[in-house]
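# Fold and geometry: a report
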Amino acid sequence: MHPDHTEPPHQPPPPSHGGRRLRSIVVTLALGAAMFAAGAVMLAPDQTTASRPSGQGQPAGAPPRGSIEALQARVTRLPKDSGGWAALGMAYVQQARSTADPATYDRAEKALRTSFTVQAEGNTDAEIGMGALSAARHDFPTALRWARKATTSGPYSSSAYGVLADAYTQLGRYEEADKAVQKMTDLRPDAASLARASYAFELKGETDRARALMRRSLAAAATPADASFAHNVLATLDLQDADPRAALARARTGLRAAPGDSALLETRARAHMALGNTTKAIADFRAAIAIAPLPHYLLGLGELEQSLGHREQAEAQYTLLRAQDRIRAAAGDPADTDAVLFEADHGDPRRAVTMAGQTLRTRPFVAVHDAYAWALHRAGRDAEALVQADRALATGMPSALFHYHRAAIHHALGDTEAARRDLTRALREPGFHPLHADAAHDLLQRIDTTP
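Summarised in this report is the structure supplied together with it. (Residues numbered from 1 in each chain as written. Predicted model: local features only at pLDDT ≥ 70, side-chain atom pairs only at ≥ 80, totals over all residues. Heavy atoms only, no water.)

### A short note on the overall build of the chain
Just so we agree on the cut-off: A helix here means a DSSP run of H or I that spans at least four residues, while a strand means a run of E at least two residues long, and both kinds are numbered starting from the N terminus. Contacts are residue-level and defined by heavy atoms, with any inter-residue pair within 4.5 Å sufficient. For every accessible area listed, the method is Shrake-Rupley and the probe measures 1.4 Å; residues are considered covered only by the protein chains on display.
Within the chain one finds 23 helices and zero strands. For the chain, the share of sequence-separated contacts (at least 6 apart) that also reach a separation of at least 24 residues comes to 58%. On the chain, roughly 19000 Å² of surface is accessible, and the fraction owed to carbon and sulfur atoms is 52%.

Put into structure tokens, the structure is as follows:
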């Protein structure tokens, strides 16, 4: 939704009990394991105390500052502390994103609603939290409404502009997203704002600038979560540049500091896969799934196992994906791109078309256009598919998979020259997908050998 106006800005609310230290926790939107290419929103911090060693300035045995346990204890002690409730809500949002436990979102919403009960007006912290929660649930129109409230009540909050930028990005409103990122960076040029600026350039295909900004984000990292996120994005950029050895080295560097980071494990798995070391790739996929059974981890492992002829192992992952999708459908939530692609390739393409069309209505993001294009292609509707594939690549996003999808569509429509161009672009990253990379090679060879 796009309101024609918002309330005029006013001064930020006074900090709640606990002063600036608590406020720094409240605005924590930890970077975590969000994957830009999958269309997930990056939730990013101004700063955090959550990662400080528990032994510094607090009793032995006490839960770490900023942890869910510490915040639960705080709101029990100070039930009228709106900032404490908002901080607890945000901590739950991050926990849900990193554990793939959707029930935790309900706990987050309850805590954030309690914050509003304590302070109904000018509660920027809870507004930011509700925006982040809506984005995590992939309800981006609602995220935009909350972000606008937050930038109105807290015009000097960089985190509020970060949530605003995330919502605009996922709604396909890229110029407005760029303006929000610029405002965020002007207010606070920290790891979070620099990471968003990096992604703005990646969306445009300007990977050198994206990499330079992400290196600056890494240098500015104030927490282990910030650093892990930056290492992961840099490794992903290395994979896009067909340098899996650099990606592997980068992922290993990140994992030395954060051995339990599931996103880094998944990226290291893809680096191993690109280098042909499927045994290590499978081990890393499994380790990532043990931490957080996110759909793109399950799909990645399943398709790798399928590519190796391990049908039983692949089907085990696909069974989990189907179960997750049943839960999503029962809740009435929109499908993510992984669910659409899985259904298109391993289920009913016509159902995938329906799923993607429903998601696109409220999330016209490049990855959703791509998933819709592929579903339409698999359903035999290639003229419609090409329109969506063109939209997926309109920003310049350097995705090998997007280019392969469009190549297959071009070929189905009889345009072999356009198919060749997209296949050549896709195969600059030769190991971009466990199944489709081989298909891309085969299709290009058929085109080149056909008189």
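The discussion continues.
### Thoughts on the packing of helix α6 (residues 140-153) against helix α7 (residues 158-170)
Our working rule: Simply put, an axis is a line fit to the C-alpha atoms, just over the touching stretch for a helix, and the angle between two N-to-C directions goes from 0 to 180 degrees. Orientation is classified from the angle alone, with under 35 degrees giving roughly parallel, over 145 giving roughly antiparallel, 65 to 115 giving roughly perpendicular, and any other angle giving oblique. Crossings are classed by handedness, with left-handed meaning an anticlockwise turn of the near helix from the far one by less than a right angle and right-handed meaning a clockwise turn. When residues are sorted by character, Ala, Val, Leu, Ile, Met, Phe, Trp, Tyr, Cys and Pro go into the nonpolar class, Asp, Glu, Lys and Arg into the charged class, and all the rest, Gly among them, into the polar class.
Where α6 contacts α7, the two axes come as close as 8 Å, and the packing angle between them is 150°. It follows from the interaxial angle that α6 and α7 lie roughly antiparallel. Crossing angle aside, the handedness with which α6 passes α7 is left-handed. Contacts between α6 and α7 involve Phe140, Ala143, Leu144, Ala147, Arg148, Ala150 and Thr151 from the first element and Ala160, Tyr161, Val163, Leu164, Ala167, Tyr168 and Gln170 from the second. Partitioning the contact of α6 with α7 into residue classes produces eleven nonpolar, two polar and one charged.

### Things to note about the pattern of salt bridges
As a reminder, the rule being used: The salt bridge criterion pairs a side-chain nitrogen of Lys or Arg with a carboxyl oxygen of Asp or Glu, the two atoms within 4 Å. Relative accessibility thresholds used throughout: buried, under 20% of the residue-type maximum; exposed, over 50%; partly exposed, between the two (1.4 Å probe, protein chains only).
Inspection of every chain in the model, using the stated rule, returns 26 salt bridges. Between Arg351 and Asp325 there is a salt bridge; the shortest N-O distance is 2.9 Å. Residue Arg351 is located in helix α18 (residues 349-362), and its partner Asp325 is located in helix α16 (residues 311-331); the two are separated by 26 residues in the primary sequence. Exposure remark for Arg351: the relative accessible area of 32% places this residue in the partly exposed category. A salt bridge links Asp345 to Arg378; the shortest N-O distance between them is 3.5 Å. Pair noted here: Asp345 is in helix α17 (residues 337-346) and Arg378 is in helix α19 (residues 366-378), with a separation of 33 residues, a long-range link. Judged by relative accessible area, Arg378 falls into the partly exposed class, the value being 40%.

### A look at the nonpolar core
Where we set the bar: In this text, buried Ala, Val, Leu, Ile, Met, Phe, Trp, Tyr and Cys residues form a nonpolar core when linked through side-chain atoms within 4.5 Å.
In this structure, Leu203, Val340, Phe365, Phe402, Tyr404, Leu423 and Phe432 are the most contacted members of the largest nonpolar core, which totals 46 residues. Looking at this core, the elements with two or more residues in it are α9 (191-203), α17, α18, α19, α20 (382-392), α21 (400-412), α22 (416-426) and α23 (436-449). With nine residues, the top contributor of residues to this core is α19. Setting aside residues no more than four positions away along its own chain, Phe402 makes contact with Val366, Ala367, Asp370, Ala392, Leu393 and Met397.

### Remarks on unusual backbone geometry
In the Ramachandran plot, His138 falls in the positive-phi region, its phi being about 65° despite a non-glycine side chain. Inspection of the secondary structure puts His138 in the loop between α5 (124-136) and α6. According to the relative accessible area criterion, His138 is buried, its value standing at 13%.

### Digging into α19
Convention followed: Multiplying 1.5 Å by the residue count of a helix minus one yields the expected span of that helix.
With 13 residues, α19 ought to run about 18 Å at 1.5 Å a step, and its terminal C-alpha atoms sit 19 Å apart, in line with that. Buried residues dominate α19, accounting for twelve of its 13 residues. Looking at α19, one finds that the buried residues are Val366, Ala367, Val368, His369, Asp370, Ala371, Tyr372, Ala373, Trp374, Ala375, Leu376 and His377. Looking at the residues trailing α19, positive phi occurs at Gly380, about 80°.

### Brief notes about the packing of aromatic side chains
Under the convention used in this document: Between the rings of Phe, Tyr and Trp (Trp by its six-membered ring), a pair exists once the centres lie within 6.5 Å; its type follows the angle of the planes, with under 30 degrees stacked, over 60 edge-to-face, and the other angles tilted.
In this structure the tally under the stated criterion is four aromatic pairs. With a centroid separation of 6.1 Å and 45° between ring planes, the pair formed by Tyr404 and Phe432 is classed as tilted. In this pair, Tyr404 sits in helix α21 while Phe432 sits in the loop between α22 and α23, placing the two residues 28 residues apart along the sequence. When sorted by exposure, Tyr404 lands in the same class as Phe432, which is buried.

### A look at the side chain of Glu305
Going by this rule: Throughout this description, a polar contact denotes any pair of N or O atoms lying within 3.5 Å of each other; where both atoms belong to protein, one of them has to be capable of donating a hydrogen while the other can accept it, and for residues adjacent in sequence the pair is counted only when both atoms sit in side chains.
On the secondary structure map, Glu305 appears in helix α15 (residues 295-307). For Glu305, a relative accessible area of 2% translates into the label buried. There is a polar contact of 3.1 Å between the side chain of Glu305 and the side chain of Arg286. Excluding its chain neighbours within four sequence positions, the residues that come into contact with Glu305 are Ile282, Arg286, His310, Gln313 and Ala314.

### Some details on the environment of Glu176
Positionally, Glu176 belongs in helix α8 (residues 174-187). The class for Glu176 is partly exposed, based on a relative accessible area of 28%. Spatially, the C-alpha atom of Glu176 lies 7.5 Å from that of Ala165, the residues being eleven residues apart in sequence.

### Considerations on the environment of Ala412
Within the fold, Ala412 resides in helix α21. On a C-alpha basis, the gap between Ala412 and Arg381 in space is 9.8 Å, while along the polypeptide they are 31 residues apart. Residues in contact with Ala412, not counting those within four places in the same chain, are His377 and Asp382.

### Thoughts on the packing of helix α11 (residues 224-240) against helix α13 (residues 262-274)
Running from amino to carboxyl end, α11 crosses α13 at an angle of 20°, the nearest separation of the two axes being 9 Å. As far as their axial angle goes, α13 and α11 are roughly parallel. Here the hand of the crossing between α11 and α13 comes out left-handed. Residue-level inspection shows Ser228, His231, Asn232, Ala235, Thr236 and Leu239 of α11 in contact with α13, the latter providing Ala263, Leu264, Thr267, Arg270, Ala271 and Ala274. Of the residues assigned to the contact of α11 with α13, the class counts are six nonpolar, five polar and one charged.

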